[in-house]
Amino acid sequence: MSDSVNALVVAEHDDNELYAGTLNTVTAARALGGEVHILLAGNGGEIASIAAACANLAGVTKVLLADHEPYAHAGTETMAALVAANLGAAGRQYSHVLAPASTFGKALIPYLGGLCDAQPISDLSEVVSADTFVRPIYAGNALAKVKSLEALKLLTVRTTAFEPAASDGHGGAEIVPIAAADISAQVEFIEQTLSASERPELTSARVVVSGGRGMQNGENFAMLEKLADQLSGAVGASRAAVDAGFVPNDYQVGQTGKVVAPDLYLAVGISGAIQHLAGMKDSKCIVAINNDAEAPIFQVADYSWNEDLFVAVPALQAELEK
Amino acid sequence: MKILVAVKRVIDANIRVRVKPDHSGVETANVKMAMNPFCEIAVEEALRIQQAGDAEEVILFSAGPQKCQETIRTGLAMGADRGLHVLTDERLEPLAIAKMIAAAAEQQGADLIILGKQSIDDDHNQTGQIVAALMRRALGSYISEIKKVAGGFAITREIDAGLEKLRITSPAVVTTDLRLNEPRYASLPNIMKAKKKPIDELSVADLGVDIGCRTEILSVVEPPARQAGVMVSDAGELVDKLKNQAKVI
Ligand SMILES: Cc1cc2nc3c(=O)[nH]c(=O)nc-3n(C[C@H](O)[C@H](O)[C@H](O)COP(=O)(O)OP(=O)(O)OC[C@H]3O[C@@H](n4cnc5c(N)ncnc54)[C@H](O)[C@@H]3O)c2cc1C
Ligand SMILES: Nc1ncnc2c1ncn2[C@@H]1O[C@H](COP(=O)(O)O)[C@@H](O)[C@H]1O
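Residues numbered from 1 in each chain as written. Chains lettered and ligands numbered in written order. Predicted model: local features only at pLDDT ≥ 70, side-chain atom pairs only at ≥ 80, totals over all residues. Heavy atoms only, no water.

Draft legend 1. Main features of the packing of helix H3 (residues 76–85) of chain A against helix H4 (residues 103–116) of chain A. Residue and element names in this part refer to chain A. Where H3 contacts H4, the two axes come as close as 9 Å, and the packing angle between them is 55°. In terms of their interaxial angle, H3 and H4 are classed as oblique. Crossing angle aside, the handedness with which H3 passes H4 is right-handed. Together, Thr76, Glu77, Met79, Ala80, Ala81, Val83 and Ala84 of H3 and Phe104, Ala107, Leu108, Tyr111, Leu112 and Leu115 of H4 make up the contact between the two elements. Of the residues that constitute the contact of H3 with H4, the class distribution is 11 nonpolar, 1 polar and 1 charged. (Axes fitted to C-alpha atoms, helices over the stretch in contact; angles between N-to-C directions. Helix = DSSP H or I, 4+ residues; strand = E, 2+ residues; numbered from the N terminus. Parallel < 35°, antiparallel > 145°, perpendicular 65-115°, else oblique. Left-handed = near helix turned anticlockwise from the far one by under 90°. Contact = heavy atoms within 4.5 Å. Nonpolar A, V, L, I, M, F, W, Y, C, P; charged D, E, K, R; others polar.)

Shown next, in the form of structure tokens:
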């Protein structure tokens, strides 16, 4: 076994475009100090141009491309089998496998851990060295520095903690077609119901406007959508707003939802429970609008506005229109 | 069908945790503990499947110190039939826990294993996926719906872009998301009844798995604190500050 670092990043995409989280994951992989390859599996759509985009990322030297029918909507089992089959003899070709800490990567990497008998490390927020990482625990109330003793390090990456890799135009990474591996017969894809949106994607948006229980109902979220559009931002929500059915599940920001760190996070009618803060407290600038002067969100906000949101949001919209 | 539900004892979600001065971990002495919220959802779902007549038995599994039996009792009071407790004071990683769960499920002949998607202390979000891989069983992660169908289960998963529907074969492993159900409270008579329900105590050796740690925790520290900022009193002031002070719009 050699000590050389050879990292494999599993790309996340929807057959039409590469998801932004893959770019941050490449940056984390580069911090390990060795070669970085990308494994891309999919079928049809824009898969060839996604492969070209991967090949163009700064620091990436090889793209393994599995363009086969079963990899359209491939489940966790099928993807993990493909990654495992490409780790090389006894898994020594690659020392690290990384994926974004999205629902895709969070399901895939541990499953791979079960296949390879290796203990993964979730949600890295810092690469200290090739075997030592920092990750948030207890809803971000503590940071653990963890050293992996495994030969094969399986990692998911908190994408907001790493810059996106640039497309440096070198286009030089070799694109190598790879064969299909075992296809799981245990899982049948039926359908996806995706929240269509013209707005930027929540986890990579520069501005996020989130609403909580204080919004009272789903219709009132139209106010936040308008505000988000004025600021070219995305719309998020607290768990309470999702549980109450105001907005779909994929809006949830927090410990057990999405992690965001935009330049500007606007929390409207959100109290600031630790589980919510876990998903947004690394934002550069936080604005809170709340009619309760004691709301905990005010303790982390850069700008606190103690006002009824039904007064404040229209006033803010008008001010931005000026 | 037999259902095995994995339940973890964690610091109560409402407690603000404190890092120990020696940076070895967080303070757990004299801190209120509870069943991991995602595990409560897992127990609730198992009970609903049983009440619908699709399962004969709901077995709870927990690994850890003696006090885990309190967590198992909580689930028995909700209505589960019996418990399995692997007594150990070792630090447990998801791979080790998954190996124990897989071995127990095998011994018990469980057709469906339900776990929480994430423990709210370590925030790993790993164990269920590892169990499925170890047992080469179908995985349904982050589910918000599960229905018994011929040969398996129809599930809905919460994914980043929305919802995904899958059909998975039985036996299967699923992990619960928040919207799967609203867990019940145990009634007083059920709490009394739970005291008489059996909990089998096992050792790690009984399950024949290696639980050695594959990672070392070097330190646990507090994250940098965010300072509270300033109050603003109208939209003009806020927009001015965002433009000229924070420079974010
Ligand atoms: C296992 C677990 C996981 C969780 N995961 C998450 C997670 O990922 N994300 C998350 O967000 N939460 C999560 N939670 C829930 C979290 O604990 C809180 O319950 C939740 O964040 C509260 O949402 P909220 O702030 O919208 O609601 P509330 O706490 O009810 O706050 C509503 C706020 O709106 C304000 N308000 C009301 N009316 C107005 C008005 N007219 N104008 C201005 N302000 C108004 C109120 O003053 C209040 O501060 C989790 C909890 C558990 C147990
Ligand atoms: N010590 C344990 N005993 C029983 N089940 C556990 C234990 N640790 C984790 N689990 C299960 O695994 C799920 C996910 O935990 P984790 O992978 O640690 O985030 C939990 O919700 C439990 O269902």
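Now, onward.
Draft legend 2. Looking closely at the site of ligand 2. Residue and element names in this part refer to chain B. Ligand 2 sits among 17 residues. The nearest are Ala6, Ala63, Ser119, Asn125 and Thr127. A distance of 2.8 Å is found between an oxygen atom of ligand 2 and a backbone nitrogen or oxygen belonging to Asn125. Here an oxygen atom of ligand 2 sits 2.9 Å away from a polar atom, N or O, in the main chain of Gln126. Mapped onto the shell around ligand 2, the elements with two or more residues apiece are strand E4 (57–64) and strand E6 (112–116). (Near = heavy atom within 4 Å. Polar contact = N/O pair within 3.5 Å; in protein donor to acceptor, adjacent residues only side chain to side chain.)

Draft legend 3. Region of interest: the packing of aromatic side chains. Residues and elements named next belong to chain A. On inspection of all chains with the given rule, the structure shows 1 aromatic pair over all chains. Consider the rings of Phe221 and Phe246, whose centres lie 6.4 Å apart with planes at 55°: the pair is tilted. Here Phe246 lies in the loop between helix H6 (239–243) and strand E14 (264–268) and Phe221 lies in helix H5 (residues 221–230), a separation of 25 residues in the sequence. Overall, Phe246 belongs to the buried group, its relative accessible area being 17%. (Phe/Tyr/Trp six-rings, centres within 6.5 Å; stacked < 30°, edge-to-face > 60°. Buried < 20%, exposed > 50% of the residue type's maximum accessible area, 1.4 Å probe, protein only.)

Draft legend 4. Molecular detail of the nonpolar core. Within the largest apolar cluster, 55 residues are counted, with the highest numbers of intra-cluster contacts made by Leu39 and Val97 of chain A together with Met100 and Ile101 of chain B. The element contributing the most residues to this core is helix H3 (residues 94–108) of chain B, with 10 residues. In contact with Val97 of chain A, not counting residues within four places along its chain, are Leu8, Val10, Val83, Leu87, Ile109, Leu112, Leu152, Lys153, Leu154 and Leu155 of chain A. Ala29, Ala55 and Val60 of chain A together with Val220 of chain B belong to the second-largest nonpolar core, a separate cluster that totals 41 residues. (Core = buried A, V, L, I, M, F, W, Y, C linked by side-chain atoms within 4.5 Å.)

Draft legend 5. Representation of the pattern of salt bridges. Considering all chains together, one arrives at 23 salt bridges over all chains under this definition. Of the charged contacts in the structure, one is a salt bridge between Asp302 of chain A and Arg226 of chain B, with a shortest N-O distance of 2.8 Å. A residue pair is termed interchain when its members come from two chains, as with Asp302 of chain A in the loop between strand E15 (285–290) and strand E16 (303–306) and Arg226 of chain B in the loop between strand E12 (215–221) and strand E13 (230–232). A relative accessible area of 22% places Asp302 of chain A in the partly exposed class. Between Asp121 of chain B and Lys8 of chain B there is a salt bridge, with its nearest N and O atoms 3.0 Å apart. (Salt bridge = Lys/Arg side-chain N within 4 Å of Asp/Glu carboxyl O.)

Draft legend 6. Spotlight on the interface of chain B and chain A. Opposite the 78 residues of chain B that make contact, chain A presents 79 residues. In terms of surface lost to chain A, no three residues of chain B exceed Asp160, Arg214 and Arg226 of chain B, which account for 11% of the buried area on that side. The tally of links between chain B and chain A comes to 5 salt bridges. For Asp243 of chain A, the salt bridge goes to Arg179 of chain B, with nearest N and O atoms at 2.8 Å. Along the contact surface separating chain B from chain A lie 52 residue pairs in polar contact (both at pLDDT 80 or more). It is strand E9 (residues 162–169) of chain B that provides the largest number of residues to the side of chain B that touches chain A, a total of 8 residues. The residue inventory of the side of chain B that touches chain A, partitioned by class, reads 41 nonpolar, 15 polar and 22 charged. In this sheet, E9 of chain B lies alongside strand E11 (residues 187–194) of chain A in antiparallel orientation, the contact comprising 7 bridges. Within E9 of chain B, the position partnered with Phe189 of chain A by the bridge is Leu166 of chain B. (Buried area = accessible area lost by both parts, 1.4 Å probe. Pairing = 2+ DSSP bridges.)

Draft legend 7. Up close: the sheet that holds strand E4 (residues 96–100) of chain A. Residue and element names in this part refer to chain A. Spatial strand order, E5-E9-E4-E1-E2-E3-E10: 7 strands in an open sheet with parallel pairing. Among the strands making up the open sheet, the edge pair consists of strand E5 (121–124) and strand E10 (174–177). In this sheet, adjacent strand axes meet at a mean angle of 25° when their direction is disregarded. Sheet analysis places strand E2 (residues 35–42) next to strand E3 (residues 60–67), joined by 7 bridges and oriented parallel. The residue of E3 that forms the bridge with Ile38 is Val63. Packed on one face of the sheet, helix H1 (residues 21–30) meets strand E1 (6–10), E2, E3, E4 and strand E9 (153–157) and runs near 150° to E4.

Draft legend 8. Inspection of the environment of Asp14 of chain A at higher detail. All names here are of chain A. Residue position: Asp14 is located in the loop between E1 and H1. Assessed through its relative accessible area of 34%, Asp14 is described here as partly exposed. Distance in space between the C-alpha atoms of Asp14 and Leu224 is 27 Å, their sequence separation being 210 residues. A polar atom in the side chain of Asp14 sits 2.9 Å from the backbone nitrogen of Asn16. A distance of 2.9 Å separates a polar atom in the side chain of Asp14 from the backbone nitrogen of Glu17.

Draft legend 9. Representation of helix H4 (residues 127–135) of chain B. The element H4 of chain B is largely enclosed, with a buried count of 8 among its 9 residues. Within H4 of chain B, the full set of buried residues consists of Thr127, Gly128, Gln129, Ile130, Val131, Ala132, Ala133 and Met135 of chain B. On its buried face, H4 of chain B is in contact with H4 of chain A together with H3, E6, strand E7 (138–149) and strand E10 (172–176) of chain B. Looking one or two residues past H4 of chain B, Arg136 of chain B carries a phi angle of roughly 55°, positive in sign.

Draft legend 10. Representation of the site of ligand 1 in the model. Taken together, 28 residues surround ligand 1, and among them Arg213, Ser238, Gln252, Ser271 and Asn290 of chain A come closest. One finds residues of chains A and B in close proximity to ligand 1. Here Gly257 of chain A contributes a backbone N or O atom positioned 3.3 Å from an oxygen atom of ligand 1. Contacts to ligand 1 include His276 of chain A, whose side-chain N or O atom sits 2.8 Å from an oxygen atom. Within the complex, the protein chains bury 82% of what would otherwise be the 980 Å² of accessible surface of ligand 1. When residues of the shell around ligand 1 are traced back to their parent elements, those giving at least two are H6, helix H7 (274–277) and helix H8 (309–321) of chain A together with helix H1 (37–51) of chain B. Among the residues forming the shell around ligand 1, the class breakdown is 9 nonpolar, 14 polar and 5 charged. (Areas by Shrake-Rupley, 256 points an atom, 1.4 Å probe, with all protein chains shown as cover.)

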